[in-house]
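Here's the letter readout for the chains.
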Amino acid sequence: MREACTVTRWILLCRAQFMERKAQKPPSPPAMENGTRSWEERPPADPVATVTEGAAKIVFPSANEVFYNPVQEFNRDLTCAVITEFARIHLGAKGIQIKVPGEKDSEKIAVDLSDQEEETAGKNENLAPGDWPRTAAVGEICEEGLRVLEGLAASGLRSIRFALEVPGLQSVVANDASARAVELMHRNVELNGVAHLVQPNQADARMLMYQHQKAPERFDVIDLDPYGSPAPFLDAAVQAVSDGGLLCVTCTDMAVLAGNSGETCYSKYGAMALKSRACHEMALRIVLHSLDLHANCYQRYIVPLLSISADFYIRVFVRVFTGQAKVKSSASKQALVFQCVGCGAFYLQRLGKASGDPGGRIKFSAACGPPVTPECEHCGQRHQLGGPMWAEPIHDLDFVGRVLDAVTTNPGRFHTSMRIQGVLSVVTEELPDVPLYYTLDQLSSTIHCNTPRLLQLRSALLHAGFRVSLSHACKNAVKTDAPPEALWDIMRCWEKECPVKRERLSESSPAFRILAVEPRLKANFNIREDANPSSRQRGLKRFQANPEANWGPRPRARPGGKAASEDLAGRRRLLQNKRKEPAEDPVQRAARLKTFPCKRFKEGTCQLGDQCCYSHSPAAPVASGDIPIEECPETTTKISPGPKAAAGGIPGPGVDCDNKEM
């Protein structure tokens, strides 16, 4: 009992001393508002780096390089533009207008509103104070605005940019599981003066979203930008977003989604990825399929607004709705892919079928298939099976047009505005109802012919009565509704203008079998005016090259920061081409070749002397069968003995002096 009383007195004494010190030195106003201690009172021990992006300014420890990736600026700019237009739609239904910085000036330049302003002023004079149009500005709290969650915020840059650049926000929750990251977010929030909008939070992103499953507690916008795959967060995300809310997801595990590990892709996204030239668009459709599959478990479904493949990642923006009747049609929106391993021709097989009955009702049933024979009808090779994937349009062209117009009329809003305009322009030109695409190099390399110009192939397809477009995911893509047989007929006609040496082709090769058939379609390669898309004519920045050295995703965060990765460049050089056979050391190669006699020396015609890489010692010829295979591993791995070597009794790989290297 005495020990308990002593501990209690000690606790009360410490609390009294703490309150006395607190009264002598009151905290600063920002610290009092946040309920946390101000960062300026406790300067960090590590040196910091300062970065300005958009309207935000952040600091992060310079010893850690994972808190900021400049290559992702395009991702963040595009996200701000998309959420702004979503806020315009969401708040417009409630009678609230948003004010975007820079848009007012551009409107004044474009239209003369002098007469309209007088009429509007006269009308506004007769309005009661409560009937005035409501507006939402950047940096202000909108009581009926968007509730935003950034599940993996790191330094909080994205959330701070939302608060400083996107109008119509009620609150932004910047969450991260790392205590160090949350501490950094507190500092950056205070530095940018957005503590009234941005709320740093430390929690597991999945548990936080599961705690907001109930309809009144859901978020209007959820942004997920994890390191690698977002698969662990998708189930919680489709439950925590409000009805009609916006879900923004980034995937940087492109090696998995592009077909390098089909079994890993299936374990994460429930689909088998294929290695193909259209792997980037297939990756987008696999992620959309996974999102819709997770949403269907809770009687919800997705509507894609914008799906982008850029740099080393893909980014999808979808709206999530609730509706049991709409969920029934989800099976008919998914498809399997049959792709020929020889010529690359692909066919889609829908998982479900939706048909109408005489009563006006829609009947759902299983689809019939497959659409291919056991062997490809063009080259005789087998088919690979991939998917399922999303087979419906991956963009809402009306919404994309709104975002494009907003960025075009206000280009100074974002640093990457020119690239956003170029990418979105190509998106608006894509054929929305044609999944996947071919590429120019794929078509020409299959039949071993010269590659036609892009405009020539597009013109030939247009002359034949088919539609054709580019794809934002690949600069030499050919997205068309022409069937594979028509496409190969056009390539056969092109091969007649640039003939291939048939005698060099194997009879079992795809090129031989495709060219053995006479084309039934006569292609016209004259350039048409409509073959050149508008974005190409205007010279927009559609496909960006690598902007810097060692470009790509940052390494995963590890304890120790930069100190743990100082030799990163050295390790990259060490591991470069690690799966390839290392080059042979010149000294070892010379010693190995000296073990073989020189054929020209034996004939008396070699004039190289000691500089010859082969032996000039008068060794007696030995039969090749007298030397065991184990004593000369190069014989089986490098070069097999030729007829000359066997006849002359030369041991080893039978290298001829006519092919020696100087």
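Residues numbered from 1 in each chain as written. Predicted model: local features only at pLDDT ≥ 70, side-chain atom pairs only at ≥ 80, totals over all residues. Heavy atoms only, no water.

**Q** So what exactly am I meant to see when it comes to the overall build of the chain here?
**A** Within the chain, the regular secondary structure consists of 25 helices and 19 strands. When each of the 662 residues of the chain is scored for burial, the buried share is 46%. Taking the contacts inside the chain whose residues are at least 6 apart along the sequence as the reference set, 69% of them involve residues at least 24 apart. Accessible surface for the chain amounts to roughly 35100 Å². Of this, 53% is attributable to carbon and sulfur atoms. (Helix = DSSP H or I, 4+ residues; strand = E, 2+ residues; numbered from the N terminus. Buried < 20%, exposed > 50% of the residue type's maximum accessible area, 1.4 Å probe, protein only. Contact = heavy atoms within 4.5 Å. Areas by Shrake-Rupley, 256 points an atom, 1.4 Å probe, with all protein chains shown as cover.)

**Q** What is the right way to read the environment of lysine 594 from this model?
**A** Here lysine 594 shows up in the loop between α22 (586–593) and α23 (599–603). Between the C-alpha atoms of lysine 594 and serine 615, which are 21 residues apart in sequence, the distance is 4.6 Å. A polar side-chain atom of lysine 594 sits 2.6 Å from the main-chain carbonyl oxygen of cysteine 612. (Polar contact = N/O pair within 3.5 Å; in protein donor to acceptor, adjacent residues only side chain to side chain.)

**Q** Is there a simple way to explain the nonpolar core in this structure?
**A** Soluble globular proteins tend to pack their nonpolar side chains together in the buried interior. Of all hydrophobic cores here, the largest spans 90 residues; its most connected members are Met209, Ile222, Leu247, Leu257, Ile286 and Leu291. Per-element tally for this core: the top contributor is helix α12 (residues 279–296), with eight residues. Two domains each put at least three residues into this core: domain 1 (50–101 + 133–327 + 369–402) and domain 2 (436–538). With 52 residues, the next largest nonpolar core counts Val71, Phe162, Ala163 and Val427 among its residues. (Core = buried A, V, L, I, M, F, W, Y, C linked by side-chain atoms within 4.5 Å. Domains from an automatic or database assignment.)

**Q** How should I be thinking about the pattern of salt bridges in this particular structure?
**A** Close approach of charged atoms lets side chains of opposite charge pair. Tallied over the full model, the rule gives 24 salt bridges. As a salt-bridge pair, arginine 206 and aspartate 204 come within 3.2 Å of each other at their nearest N and O atoms. Using a relative accessible area of 35% as the deciding quantity, one classes arginine 206 as partly exposed. With a relative accessible area of 30%, aspartate 204 lands in the partly exposed category. Of the charged contacts, one joins arginine 467 and aspartate 433 as a salt bridge, the two residues approaching to 3.0 Å between their closest N and O atoms. (Salt bridge = Lys/Arg side-chain N within 4 Å of Asp/Glu carboxyl O.)

**Q** Is there a simple way to think about the pairing of strand β15 (residues 362–366) in this case?
**A** Remember that side chains alternate between the two faces of the sheet whenever the strand is regular. Among the five residues that make up β15, zero are buried, leaving the element largely open to the surroundings. Pairing of strand β14 (residues 352–356) with β15, which is carried by five bridges, proceeds in the antiparallel orientation. Across the sheet, the residue bridging to alanine 354 is phenylalanine 364, located in β15. The hairpin formed by β14 and β15 contains five residues between the paired strands, and glycine 360 there has a positive phi angle of roughly 90°. (Pairing = 2+ DSSP bridges.)

**Q** Looking at this structure, I do not really get the side chain of glutamine 239. What am I missing?
**A** Its location among the elements puts glutamine 239 in helix α9 (residues 231–240). Residue glutamine 239 is classed as buried on the basis of its relative accessible area of 9%. Those residues in contact with glutamine 239 that lie beyond four places of it in its chain are Tyr210, His212, Gln213, Arg218, Tyr298 and Arg300.

**Q** I tried to follow the pairing of strand β16 (residues 383–390) on my own but got confused; where do I start?
**A** With six of eight residues buried, β16 lies mostly within the body of the structure. Relative to β16, strand β12 (residues 334–340) is paired through six bridges, and the arrangement is antiparallel. Bridge pairing in β16 links phenylalanine 338 to leucine 385.

**Q** Hey, could you run me through helix α6 (residues 157–165) in this one?
**A** Each α-helix winds once per 3.6 residues, and so residues spaced three or four apart point in a common direction. Of all nine residues that make up α6, eight are buried, and the element is covered over most of its length. Restricting attention to buried positions, one finds in α6 the residues Leu157, Arg158, Ser159, Ile160, Arg161, Phe162, Ala163 and Glu165.

**Q** How should I be thinking about unusual backbone geometry in this particular structure?
**A** Excluding glycine, most residues fall at negative phi; most peptide bonds, likewise, are trans. Looking along the chain, the bond that leaves glycine 369 and enters proline 370 is cis, with omega of 0°. Turning to its location among the elements, proline 370 is positioned in the loop between β15 and β16. Cis geometry marks the peptide bond from glycine 387 to proline 388; its omega dihedral reads 0°. Locating proline 388 in the fold gives a position in strand β16. A positive phi angle, close to 65°, is found at leucine 436, a residue other than glycine. Mapped onto the fold, leucine 436 is located in the loop between α15 (417–429) and β17 (438–439). Phi is positive for histidine 448, which is not a glycine, with a value near 60°. In this fold, histidine 448 is placed in the loop between α16 (440–446) and α17 (454–463).

**Q** Whenever I open this one, the confidence of the model for the chain confuses me. Can you help?
**A** Scored by pLDDT, the chain comes out at a mean of 81, with 75% of its residues at no less than 70. At the level of individual helices and strands, the chain shows its lowest average pLDDT in helix α2 (residues 29–34), which scores 35, and its highest in strand β8 (residues 219–224), which scores 97. Below pLDDT 50 for its whole length, residues 21–45 participates in 21 contacts with residues either more than four positions away or in separate chains. Below a pLDDT of 50 lies the segment residues 105–129, which in the model reaches three contacts outside its immediate sequence neighbourhood of four places, other chains included. (pLDDT = per-residue confidence, 0-100.)

**Q** Sorry, what's going on with the packing of helix α3 (residues 73–92) against α6 here?
**A** To characterise two packed helices, one gives the angle between the axes of the helices and the distance between these axes. The contact between α3 and α6 brings their axes to 10 Å, and the two run at 40°. The angle between α3 and α6 falls in the class oblique. Remark: the crossing between α3 and α6 carries right-handed chirality. Judged by residue contacts, Glu73, Asn75, Arg76, Asp77, Thr79, Cys80, Ile83 and Thr84 of α3 engage Leu157, Arg158, Arg161, Phe162 and Glu165 from α6. Classifying every residue of the contact of α3 with α6 gives four nonpolar, three polar and six charged. (Axes fitted to C-alpha atoms, helices over the stretch in contact; angles between N-to-C directions. Parallel < 35°, antiparallel > 145°, perpendicular 65-115°, else oblique. Left-handed = near helix turned anticlockwise from the far one by under 90°. Nonpolar A, V, L, I, M, F, W, Y, C, P; charged D, E, K, R; others polar.)

**Q** Is there a simple way to explain the packing of α3 against helix α14 (residues 397–409) in this structure?
**A** Axis separation between α3 and α14 bottoms out at 10 Å; the angle between their running directions is 110°. Classified by the interaxial angle, the pair formed by α3 and α14 is roughly perpendicular. α14 is crossed by α3, and the crossing has right-handed handedness. Contact residues: Ala81, Val82, Glu85, Phe86, Arg88 and Ile89 in α3; Phe399, Arg402, Val403, Ala406 and Val407 in α14. Per-class residue counts for the contact of α3 with α14 are eight nonpolar, no polar and three charged.

**Q** Before we go on, may I ask you to explain the sheet that holds strand β9 (residues 241–251) in this structure?
**A** Each strand in a sheet pairs with its neighbour through backbone hydrogen bonds, running either in the same direction (parallel) or in the opposite one (antiparallel). The seven strands are arranged β7-β6-β5-β8-β9-β11-β10 in an open sheet whose pairing can be described as mixed. Only two strands of the sheet have a single neighbouring strand rather than two, namely β7 (198–202) and β10 (300–310). Averaged over all pairs of adjacent strands, the angle between strand axes in this sheet comes to 20°, irrespective of strand direction. With respect to the sheet, α9 is in contact with β8, β9, β10 and β11 (313–322), its orientation differing from that of β9 by roughly 155°.

**Q** Just to check I follow, could you spell out helix α7 (residues 179–192) for this structure?
**A** Taking 1.5 Å per residue as the helical rise, α7 with its 14 residues ought to reach 20 Å, and the 20 Å between its terminal C-alpha atoms agrees with that figure. The backbone nitrogen of arginine 180 has a side-chain oxygen 3.4 Å away, supplied by the residue at the start of α7, namely serine 178. Directly after α7, the chain includes glycine 193, whose backbone phi takes a positive value near 65°. (Expected span 1.5 Å × (residues − 1).)

**Q** Mind showing me how you'd approach the environment of alanine 231 here?
**A** Its location among the elements puts alanine 231 in helix α9. A relative accessible area of 16% means that alanine 231 is categorised as buried. For the pair formed by alanine 231 and lysine 268, sequence separation is 37 residues and the distance between their alpha carbons is 5.8 Å.

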